[in-house]
Amino acid sequence: MSAVWTNWSGGQECRPTATVRPLDDSGVSAVVRRAAERGQAVRPVGSGHSFSAIAVTDGVHVDLSAFSGITGIGGRPSGPTVRVRAGTTLARLHDELADRGLALAAPLELAAPTVGGALAVGMHGSGPAVGSLSAAVVGLRLVDGRGRLRDVAAADLDAARTSLGALGVVLEAELAVVPAGRVRVTREPRPVEEVLDEDFWTAHPVVEAAVFPSASTALTRWLEPRPDHAEDDDGEDDEDEPERTVGVTVAGATGRTALGGATLVERALPRLVPRFNRAVSRLARTVTATGPMHRVLSSPPAVRFEQTEWALPRAAMAAGTRELLAALADDHLEVGLPVRLRVGPPETGWLHPAHDRPTGWVAVRVPRGTDHAPVLERAWRVLRDHGGRPHWASRSDWTAADTAASYPRLPDFRRVRDDYDPDRVFATPALDAVLGD
Ligand SMILES: Cc1cc2nc3c(=O)[nH]c(=O)nc-3n(C[C@H](O)[C@H](O)[C@H](O)COP(=O)(O)OP(=O)(O)OC[C@H]3O[C@@H](n4cnc5c(N)ncnc54)[C@H](O)[C@@H]3O)c2cc1C
């Protein structure tokens with residue numbers, strides 16, 4: 001038995017039979033073969049940033065941290081690509097891409113997840129036309145359930161680009177990338193009704209909002225491309241600049257500084273949370289920053305939390321959000337973290353929660369130390385009723401029957417799974433619960 005493994009939020013833990021850290025492709029094949037012979041399950045693990053039990057196992061944890069870095073630059077008619085090893089953290093990927101004058105198209109703000117983990121769950125940012133990291137996949141190499149090294153065939157790519165780790169241990173991905181550029185981020189308070197209007201979501205290439213149930217002001221954030229040597233508001237050549245703060249600042253749509261305070265209020269005097277949240281929203285001021293996208297977006301969370309995030313059909317986002325905010329306020333379930341709203345285009349991945357439909361992402365977060373169950377369960381009821389599919393990394397009560405009803409390409413995914421993992425070496429109770437066997 002190896003040591004207890006815990007995820008980032010602290011809400012999931014397990015004691016794997018063994019944790020192995022293979023150093024090369026043949027090492028991964030050997031691990032899978034040996035585990036299969038012994039009848040043990042195999043679960044690749046990244047940075048443990050999923051809130052759900054998706055990385056949990058009592059079998060063998062495969063730590064891919066030795067598989068790190070970009071291994072090659074390529075090109076397709078559609079544009080530049082890079083080959084990157086699956087254990088690479090997004091922080092390292094951003095840095096290595098920037099060294100080569102390249103960047104991810106997806107606005108991913110969190111540095112810690114690995115490429116393998118982010119792809120498995122379909123990690124996304126927020127923009128009407130910017131897809132998830134999975135959408136950038138043009139090739140994948142993995143070790144399947146029989147321990148075979150395989151380049152995923154083009155016909156299977158939509159199964160593998162968001163696979164929940166059910167098809168194999170991904171070793172390397174080829175990702176479409178874009179030329180690096182500078183952006184200007186603006187964080188600004190706006191009326192809640194405005195962010196529930198579709199025009200708000202189409203005005204900028206990258207855009208998001210955060211709303212407290214009791215507040216009439218939303219905290220928003222959007223990006224615009226910033227050409228080199230653009231002039232700033234004072235007519236100066238606008239170099240990369242850190243966040244400029246004016247007055248009292250809510251540091252971003254996640255409002256890190258204020259929210260740290262709110263969670264303290266929450267524990268001591270929960271009754272005051274709505275009043276505190278309203279004050280925070282009212283006091284927010286406009287803030288801007290300029291630089292490479294991954295730098296201006298980066299905002300490490302100030303507090304640990306549990307999360308449920310659902311992909312609603314875009315047309316249902318406003319109604320679903322309104323009902324959710326009302327339900328949380330009416331049931332006195334407001335917490336010190338706002339409901340986060342984001343958007344994305346339809347995804348081709350058969351199991352991506354945004355599969356085949358423009359999506360509005362709605363996330364509810366509950367600070368660690370607060371009883372999260374009543375809040376999350378209330379959110380599940382509302383967001384499910386509005387046609388939502390949960391993010392695979394987030395907490396939910398989703399079942400295999402729900403997946404069958406909501407993902408039209410599930411039968412195709414099963415066919416690919418039968419080919420890549422006929423013996424279900426990569427199955428876990430958490431996967432069985434949402435995928436069936
Ligand atoms: C503070 C915070 C902010 C977040 N923000 C966002 C966000 O903005 N957008 C978003 O979409 N998500 C977000 N998430 C969720 C997070 O993106 C995902 O949980 C994360 O991408 C998973 O990466 P990981 O390396 O931590 O993987 P883990 O959580 O360790 O694993 C996740 C899954 O990937 C599988 N896996 C890992 N490596 C491989 C591999 N090499 N081959 C096959 N399967 C593999 C695991 O088996 C597991 O099923 C956030 C999470 C936190 C804690």
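Cut-offs used in this document
Residues numbered from 1 in each chain as written. Predicted model: local features only at pLDDT ≥ 70, side-chain atom pairs only at ≥ 80, totals over all residues. Heavy atoms only, no water. Domains from an automatic or database assignment. Buried area = accessible area lost by both parts, 1.4 Å probe. Salt bridge = Lys/Arg side-chain N within 4 Å of Asp/Glu carboxyl O. Polar contact = N/O pair within 3.5 Å; in protein donor to acceptor, adjacent residues only side chain to side chain. Helix = DSSP H or I, 4+ residues; strand = E, 2+ residues; numbered from the N terminus. Nonpolar A, V, L, I, M, F, W, Y, C, P; charged D, E, K, R; others polar. Pairing = 2+ DSSP bridges. Axes fitted to C-alpha atoms, helices over the stretch in contact; angles between N-to-C directions. Contact = heavy atoms within 4.5 Å. Patch = residues over 30% accessible without salt bridge, like charges linked within 9 Å, V, L, I, M, F, W, Y side chains within 5 Å. Areas by Shrake-Rupley, 256 points an atom, 1.4 Å probe, with all protein chains shown as cover. Lys, Arg positive; Asp, Glu negative; His and termini not counted. Charge placed at Lys NZ, Arg CZ, Asp CG, Glu CD. Buried < 20%, exposed > 50% of the residue type's maximum accessible area, 1.4 Å probe, protein only. 1 Å grid on protein atoms, 1.4 Å probe; cavity = no way out; pocket = protein on both sides within 12 Å on 5 of 7 lines; lining within 4 Å. Points joined across faces, edges and corners; volume = space filled by probe spheres on them. pLDDT = per-residue confidence, 0-100. Near = heavy atom within 4 Å. Phe/Tyr/Trp six-rings, centres within 6.5 Å; stacked < 30°, edge-to-face > 60°.

Per an unreviewed UniProt entry, the protein carries the name L-gulonolactone oxidase and comes from Actinomycetospora succinea.

Engineer: Sorry, what's going on with the domain arrangement of the protein here?
Structural biologist: Segmentation of the protein into domains returns domain 1 (1-180 + 399-437) and domain 2 (182-390). Placing the centre of domain 1 and that of domain 2 at their C-alpha centroids yields a distance of 27 Å. With both sides pooled, the region where domain 1 packs onto domain 2 buries about 3400 Å², and carbon together with sulfur makes up 56% of that total. Of all residues in domain 1, the largest losses of buried area upon contact with domain 2 belong to Trp8, Glu109 and Tyr407, amounting jointly to 23% of the total for that side. Between Arg340 and Glu109 there is a salt bridge whose closest N-O contact spans 2.8 Å. Applying the counting criterion to the domain 1 and domain 2 interface returns 19 residue pairs in polar contact (both at pLDDT 80 or more). Of all the secondary-structure elements, those providing two or more residues to the side of domain 1 that touches domain 2 are helix H2 (90-99), helix H4 (157-160), helix H12 (400-406) and helix H13 (410-420). Ranked by the residues each element gives to the side of domain 1 that touches domain 2, the list is headed by H13, at 5 residues. Its residues assigned to classes, the side of domain 1 that touches domain 2 shows 22 nonpolar, 14 polar and 8 charged.

Engineer: Looking at this model, I keep getting lost on the sheet that holds strand E5 (residues 60-63). Mind explaining?
Structural biologist: Two modes of strand pairing occur in sheets, parallel and antiparallel, and in both the strands are linked by backbone hydrogen bonds. The 3 strands lie next to each other as E3-E5-E4, forming an open sheet whose pairing is parallel. Strands with a single pairing partner mark the edges of an open sheet, and in this sheet they are strand E3 (18-20) and strand E4 (42-45). Strand-to-strand twist across the sheet, computed as the mean angle between neighbouring axes with direction ignored, equals 25°. Of the strand pairs in this sheet, E3 and E5 are connected by 3 bridges, and their pairing is parallel. Among the inter-strand pairings, Thr19 is bridged to a residue of E5, identified as His61. Where helix H1 (residues 25-38) meets the sheet, its contacts fall on E3, E4 and E5, and the angle it forms with E5 comes to roughly 175°.

Engineer: Help me understand the sheet that holds strand E7 (residues 79-85), please; the structure alone is not making it clear to me.
Structural biologist: Read across the open sheet, the 5 strands follow the order E6-E7-E11-E9-E10; overall the sheet is antiparallel. A strand with exactly one partner marks an edge of an open sheet, and here the two such strands are strand E6 (70-76) and strand E10 (149-151). Recorded for the sheet is a direction-independent mean angle of 15° between the axes of neighbouring strands. Across 6 bridges, E6 lies against E7 in antiparallel orientation. Bridge pairing links Gly72 to Arg83 in E7. Packing of H1 onto the sheet brings it into contact with strand E9 (137-143), E10 and strand E11 (169-176), and relative to E9 it is tilted by some 55°.

Engineer: Is there a simple way to think about a positive patch on the surface in this case?
Structural biologist: Residues Arg271, Arg275, Arg278 and Arg282 make up a contiguous surface patch of positive charge. Residue position: Arg282 is located in helix H8 (residues 273-283). Classification of Arg282 as exposed rests on a relative accessible area of 58%.

Engineer: Would you take a moment to explain the layout of surface pockets for this structure?
Structural biologist: A water-sized probe, rolled over the atoms, reveals where empty space remains. The volume enclosed by the second largest pocket comes to roughly 400 Å³. Of all elements in the fold, only H2, strand E8 (102-103), strand E12 (178-179), strand E13 (182-191), strand E15 (217-226) and helix H9 (293-297) reach the threshold of two or more residues within the lining of the second largest pocket. Across the lining of the second largest pocket, the residue classes break down as 19 nonpolar, 3 polar and 1 charged. Residues from two domains meet in the lining of the second largest pocket; each of domain 1 (1-180 + 399-437) and domain 2 (182-390) gives at least three.

Engineer: Sorry if this is basic, but what is going on with the confidence of the model for the protein here?
Structural biologist: Detail in the predicted coordinates should be disregarded across regions flagged by low pLDDT. For the protein, per-residue confidence averages 92 on the pLDDT scale, and residues scoring 70 or more make up 91% of the total. Across residues 245-255 the pLDDT falls below 50, and counting only partners more than four positions away or on other chains, this stretch makes 26 contacts in the model.

Engineer: Can you help me understand the environment of Arg146 in this one?
Structural biologist: Its location among the elements puts Arg146 in the loop between E9 and E10. Judged by its relative accessible area of 41%, Arg146 is partly exposed. Non-local contacts of Arg146, meaning those with residues more than four positions away in its chain, are made with Arg33, Tyr420, Pro422 and Asp423.

Engineer: Even after reading the chapter, I still don't get the site of the ligand, so can you show me in this structure?
Structural biologist: Residues in close proximity to the ligand total 34 residues, the closest being Pro44, His49, Ser50, Thr114 and His391. Arg342 places a side-chain nitrogen or oxygen 2.8 Å from an oxygen atom of the ligand. In isolation the ligand has 980 Å² of accessible area, and contact with the protein removes 98% of it. Mapped by element, the contributors of at least two residues to the shell around the ligand are E4, helix H3 (115-121) and E11. At 5 residues, H3 tops the list of elements feeding residues into the shell around the ligand. Classifying every residue of the shell around the ligand by side-chain character gives 20 nonpolar, 12 polar and 2 charged.

Engineer: Just to check I follow, could you spell out the packing of aromatic side chains for this structure?
Structural biologist: Each aromatic ring pair is specified by the distance between its two centres and by the angle formed by the two planes. Inspection of every chain in the model, using the stated rule, returns 6 aromatic pairs. Ring geometry for Trp8 against Phe51: centres 6.1 Å apart, planes inclined by 90°, an arrangement best described as edge-to-face. Residue Trp8 is found in the loop between strand E1 (5-6) and strand E2 (13-14), and its partner Phe51 is found in the loop between E4 and E5; the two are separated by 43 residues along the sequence. Overall, the relative accessible area of 13% leaves Trp8 in the buried class. With relative accessibility at 9%, the residue Phe51 sits in the buried group. Three or more aromatic residues joined by ring pairs form one cluster here, namely Trp8, Phe51 and Phe305.

Engineer: Which parts of the structure should I look at to understand the side chain of Ser126?
Structural biologist: Position of Ser126 relative to the elements: it lies in the loop between H3 and E9. With a relative accessible area of 2%, Ser126 lands in the buried category. One polar contact links the side chain of Ser126 to the main-chain carbonyl oxygen of Val207, over a distance of 2.5 Å. Polar contacts involving the side chain of Ser126 include one to the main-chain amide nitrogen of Val343, which spans 2.9 Å.

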